[in-house]
Amino acid sequence: MTSANPESDENRYDFHALERRWQPVWAETQPFKAGGADDARPTKYVLDMFPYPSGDLHMGHAEAYALGDVISRYWIQRGFNVLHPIGWDSFGLPAENAAIKNNTDPRVWTEANIAQQRASMERYACSFDWDRVLATHRPEYYHWNQWIFTRMYERGLAYRKPSLVNWCPKDQTVLANEQVVQGLCERCDTPVTKKKLTQWYFKVTEYADRLLDDLDGLEGTWPSKVIAMQRNWINRSHGADVVFSIEGRDEPISIYTTRPDTLCGATFMVVAADSDLASELAADADDATRQAFDTYVAAVKGATDIDRMSTERPKTGVFLGRYATNPVNGERLPIWASDYVLADYGHGAIMAVPAHDQRDLDFARAMELPVRTVVDVKDEEGNSLPDPAESWIATGGDGLVVNSGEFDGLAKTEAIAAVVAKLNADGVGSETTNYRLRDWLISRQRYWGTPIPIVHCDKCGEVPVPDDQLPVELPPTEGLDLKPKGKSPLAAATDWVNTTCPKCSAPALRDTDTMDTFVDSSWYFLRYLSPNKTDGPFDPAEAARWAPVDQYVGGVTHAILHLLYARFFTKALNDMGYVDFEEPFLALLNQGMVQMDGSAMSKSRGNIVRLSEQLDEYGVDAVRLTMAFAGPPEDDIDWADVSPSGSAKFLARAWRLARDVTSEPGTDPASGDVSLRAHTHKTLAECAELVEGFRFNVVVARTMELVNVTRKAIDSGAGPADPAVREAAEVVAILLSMFAPYCSEDMWSMLGHDNVAHAGYPEVDPELLVEETVTCVVQVKGKVRDRLEVDPNVGEDALRELALASDVIKRALDGAELRTVIVRAPKLVNIVPM
RNA sequence: GCCCCCGUAGCCCAAUUGGCAGAGGCAGCCGACUUAAAAUCGGCACAGUGCGGGUUCAAGUCCCGCCGGGGGCACCA
């Protein structure tokens, strides 16, 4: 028997040979270029999260791209015009740190890594459109970061303000809230401190409601976990602002509360110790108070977030010697400063209702302040809960209002409405909404990022760089000290910094901060649509054709940050009229992580599995197949639990099917073995559904089954010349094209065809799915007692008679009277005796 | 503390969404082929679904309560 494949050993599956054979072919044919505007096929935009160019690919990449490829290759087979691009998220600290360490230019390091990673991806046979590659560190890309920034600025969505910011003392840079994890710098695990700086922000909070409400529309196509995390992060709360007048101060103070019904239970007020308000109130107090306050604030500011967040931390604070007046009952409330109130949430001040808020109660206990119950909360038996003043357990539940004058006797919702109505009438308060979400701090004091396109002019103030002068390119690194020092390295690039005001032409200075790299990744999916466009970020016609992304694939690590920001950008661009959709990613698949021996791979654990070694040993196809077969995509894979060698063995087995087929290409399968054909078509039908449900592991299992059945047909059934065997082998090749491109291409070639990736998903013949007989289970009291082979269209009554006529069943029933007989034709009958 | 997800053979995982617990694989064992081994082929065994209740003719699947594992949020007023 001769093989159609001249380069490989005709009887051995040699994955090295297959890789050597097909890689240059694909490099030449570029099979995954997306079709142009004249392509009549329906479009599908499949996007993998783009990588940071860290050098070689690792196991995590291998999983992500294997899974993304299944989806992209599937839709191509289904006749879609698929856009599946790739690029690099290439600004950021590692390049800068490498540059500092080796005293090189980060551009050189970055481009070298990109080249290396691209080669790895090509070997890995990723189905990318290589004509659309982008890298965010290139001026052709970040030009449009600056353009979008300018548009944001024009709409008031980009602004500068001084505030206390998260500061990483090691990286010497500002961090967004999202980059602070458990009080530590996300990147280097250094405890984060606070620093007052003037920084650039994007006004995400303006979109808080839409970012939250539009999550409803993603229900079902995004992982519920991610939706929950985003909801949690935005954390909208409904409540009321209440205005308290302050003795000895003209301006009153507003506080925010979600429980206006407990207003009469307020026994003191607390302002955030690190707020301007606290300093101002303390400034007018007596010397002793002022001193105590200064000492306290110094301690608070010195504390890291780690200290702040430690649970069971005792409440601390200072009495400011000042008093506020409760707007509903006129009571005089002492004002305290404490760090348990946050300066940047609500108004940085609260009314403390110790009876019904545990934090306030803890504080009241520590400072010996009064506690007054204003809601009578009952337990399950209807008894009032113990008095918080004695139990030191705040009662947060629902109940009737007491000790509140005119509001007594009202239930929670009525009481809230009544109090808010009164506040409104008296002009001392109103309903409000608050969010945990803060504005997005985008400026960084680092070199390797997009320069903020603003010029600071003594006369004109902040002036955006006009569009026709963009991009503002990063100056060369020569002569710059890139080491972190709390000030942007760009400030030292004198020639670059000194410029003229675009408005008045007077000497002026460039803004020296660079943008957070999350800006880069907030819109890159749009740039892919027209990556070489020079007069705009993307072509609106191409956006209309492709966007939004139909299927996004990536790690759950970006569940909050990246996805929230990209959603924000999309909504902002929509408002500006640049895109006609409001959500960037219609569906999201989060793949799990690859672990080893039960934990994440890390150098310190010494449990790193090197992808290149796995590829050398088992081949690209086997590694890809293993990634897909290991389990549901969102589950973590423990490499110790899976078997790439098993995958390689299976692929060899599949490959041999194609080798053994002896019928001619194009043979009509109609005359082939019916039971094999039925199995083939059943597999086809099932696998389509499974892929669309991301059940890739099951697809692989079904393909294995089909391979087993076909093997049997060749060896001890229909034989290698049967047309059904050819049909089955071809279907195996097509199914495998999603997982094991080299093997399937070689099979396809042996079967006498070209280009398996575009073979098309074969039509399922519905007649072959109809089974001639079905096994019907007959139960007695839920226990299986007999099986009957029946017509799939058997009627209920007929089936009942058949079941009752069975000898086994008769014996089991032993003449007992029947209570009921449940018939689920054609698969089940359950007989229940009295 | 609050919220979410998951517990099925020694292991990774299926189970038509309430209808025969087992599809696929790993590891194991037996056999065929072989001088032998590898490779290949054929076959075998293994759990009653974390535990306890409940609903139902019928529960891995639905409900309640525990146990175990994982994740998210955490002074957000």
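See the structure above.
Residues numbered from 1 in each chain as written. Chains lettered and ligands numbered in written order. Predicted model: local features only at pLDDT ≥ 70, side-chain atom pairs only at ≥ 80, totals over all residues. Heavy atoms only, no water.

Caption draft 1: Looking closely at a positive patch on the surface. A contiguous patch of positive charge on the surface is contributed by Lys781, Lys783, Arg785 and Arg819. Within the fold, Arg785 resides in strand β32 (residues 783-790). Judged by its relative accessible area of 39%, Arg785 is partly exposed. (Patch = residues over 30% accessible without salt bridge, like charges linked within 9 Å, V, L, I, M, F, W, Y side chains within 5 Å. Areas by Shrake-Rupley, 256 points an atom, 1.4 Å probe, with all protein chains shown as cover. Salt bridge = Lys/Arg side-chain N within 4 Å of Asp/Glu carboxyl O. Lys, Arg positive; Asp, Glu negative; His and termini not counted. Charge placed at Lys NZ, Arg CZ, Asp CG, Glu CD. Helix = DSSP H or I, 4+ residues; strand = E, 2+ residues; numbered from the N terminus. Buried < 20%, exposed > 50% of the residue type's maximum accessible area, 1.4 Å probe, protein only.)

Caption draft 2: Expanded view of the protein's contact with RNA strand B. Taken together, 49 residues are adjacent to RNA strand B, and Arg313, Arg359, Arg436, Arg695 and Arg787 come closest. Counting only atoms of RNA strand B within 4 Å of the protein, the fraction found in sugar and phosphate groups is 62%. Contacts to RNA strand B include Arg702, whose side-chain N or O atom sits 3.2 Å from a base nitrogen. Considering every element that reaches the surface near RNA strand B, the biggest residue donor is helix α23 (residues 696-716), with 6 residues. (Near = heavy atom within 4 Å. Polar contact = N/O pair within 3.5 Å; in protein donor to acceptor, adjacent residues only side chain to side chain.)

Caption draft 3: The packing of aromatic side chains, seen in detail. Across all of its chains, the model carries 38 aromatic pairs by this definition. Centroid distance Trp440 to Phe569: 6.0 Å. Interplanar angle 55°. Geometry classified as tilted. Taken together, the positions of Trp440 in strand β19 (residues 440-441) and Phe569 in helix α18 (residues 561-575) put the pair 129 residues apart, joining distant regions of the chain. Residue class for Trp440 comes out buried when judged on its relative accessible area of 1%. Among the aromatic residues, ring-to-ring pairing joins Phe149, Tyr153, Trp200, Phe202, Tyr207, Trp440, Phe518, Tyr565, Phe568 and Phe569 into one connected group. For Lys161, the ring lying beneath its charged end belongs to Tyr201, and the centroid distance is 4.6 Å. (Phe/Tyr/Trp six-rings, centres within 6.5 Å; stacked < 30°, edge-to-face > 60°. Lys NZ or Arg CZ within 6 Å of the ring centre and 35° of its normal.)

Caption draft 4: Seen up close, the pairing of strand β10 (residues 236-246). Inspection of the sheet shows β10 paired to strand β18 (residues 429-435) by 7 bridges, in the antiparallel sense. Looking at the pairing, Ala240 lines up with Glu431 of β18. Both β10 and strand β11 (residues 253-257) contribute to a ladder of 5 bridges, which runs antiparallel. For Val242, the partnering residue across the bridge sits in β11 and is Ile255. Of the pairings in the sheet, the one linking β10 to strand β13 (residues 318-325) comprises 2 bridges and is antiparallel in character. (Pairing = 2+ DSSP bridges.)

Caption draft 5: Summary view of the nonpolar core. With 93 residues, the main nonpolar core has Tyr124, Met627 and Trp639 as its most contacted residues. Sequence-distant contacts of Tyr124, that is, excluding residues within four places in its chain, are made with Ala62, Tyr65, Ala66, Leu615, Val620, Val623, Arg624 and Met627. Of all hydrophobic cores here, the second largest spans 87 residues; its members include Ala34, Leu490, Tyr528 and Val579. (Core = buried A, V, L, I, M, F, W, Y, C linked by side-chain atoms within 4.5 Å. Contact = heavy atoms within 4.5 Å.)

Caption draft 6: Highlighting the packing of helix α7 (residues 224-234) against α18. Interhelical geometry of α7 versus α18 gives an angle of 75° and a closest axis separation of 10 Å. Taken as axis vectors, α7 and α18 run roughly perpendicular relative to one another. Contacts between α7 and α18 involve Val226, Gln230, Trp233 and Ile234 on the former and, on the latter, Leu563, Leu564 and Arg567. Taken together, the residues that form the contact of α7 with α18 break down as 5 nonpolar, 1 polar and 1 charged. (Axes fitted to C-alpha atoms, helices over the stretch in contact; angles between N-to-C directions. Parallel < 35°, antiparallel > 145°, perpendicular 65-115°, else oblique. Nonpolar A, V, L, I, M, F, W, Y, C, P; charged D, E, K, R; others polar.)

Caption draft 7: Structural detail: the pattern of salt bridges. Applying the stated criterion across every chain yields a total of 48 salt bridges. Arg372 serves as the salt-bridge partner of Glu331, at 2.6 Å between the closest nitrogen and oxygen. Of this pair, Glu331 sits in the loop between β13 and β14 (332-338) while Arg372 is found in the loop between α11 (358-367) and β16 (375-377), placing the two residues 41 residues apart along the sequence. With a relative accessible area of 23%, Arg372 lands in the partly exposed category. Because the salt bridges share partners, they merge into one network encompassing Asp214, Arg567, Lys571 and Glu583.

Caption draft 8: Up close: α7. Among the residues making up α7, those that are buried are Val226, Ile227, Gln230, Trp233 and Ile234. The buried residues of α7 occupy one face: seen down the axis, they fall within an arc of 125°. Exposed and facing more than 90 degrees away from the buried side of α7 are Ser224, Lys225 and Asn232. Trailing α7 by a residue or two, Asn235 shows a phi angle of about 40°, which is positive. (Arc of directions from axis to C-beta.)

Caption draft 9: Main features of the sheet that holds strand β1 (residues 43-48). With parallel pairing, 4 strands are arranged side by side in an open sheet as β2-β1-β26-β27. Taken across any chain shown, the strands that pair with only one partner, and hence form the sheet edges, are β2 (81-83) and β27 (588-591). Within the sheet, the average angular offset between the axes of one strand and its neighbour, ignoring direction, is 20°. Pairing analysis gives 3 bridges linking β1 to β2, with the strands arranged parallel. For Lys44, the partnering residue across the bridge sits in β2 and is Val82. The strands touched by helix α2 (residues 59-77) within the sheet are β1, β2, β26 (551-555) and β27, with β1 carrying the most contacts at an inclination of about 175°.

Caption draft 10: Layout of the pairing of β14. The buried fraction of β14 is high, at 6 of 7 residues. Inspection of the sheet shows strand β12 (residues 268-272) paired to β14 by 4 bridges, in the parallel sense. What sits directly across from Met269, in β14, is Ile335. Where β13 meets β14, 6 bridges bridge the pair, whose relative direction is antiparallel. Across the sheet, residue Val318 finds its bridge partner in β14, namely Ala337. Following β13, the chain reverses through 6 residues before pairing antiparallel with β14; Gly330 in that reversal takes a positive phi of roughly 70°.

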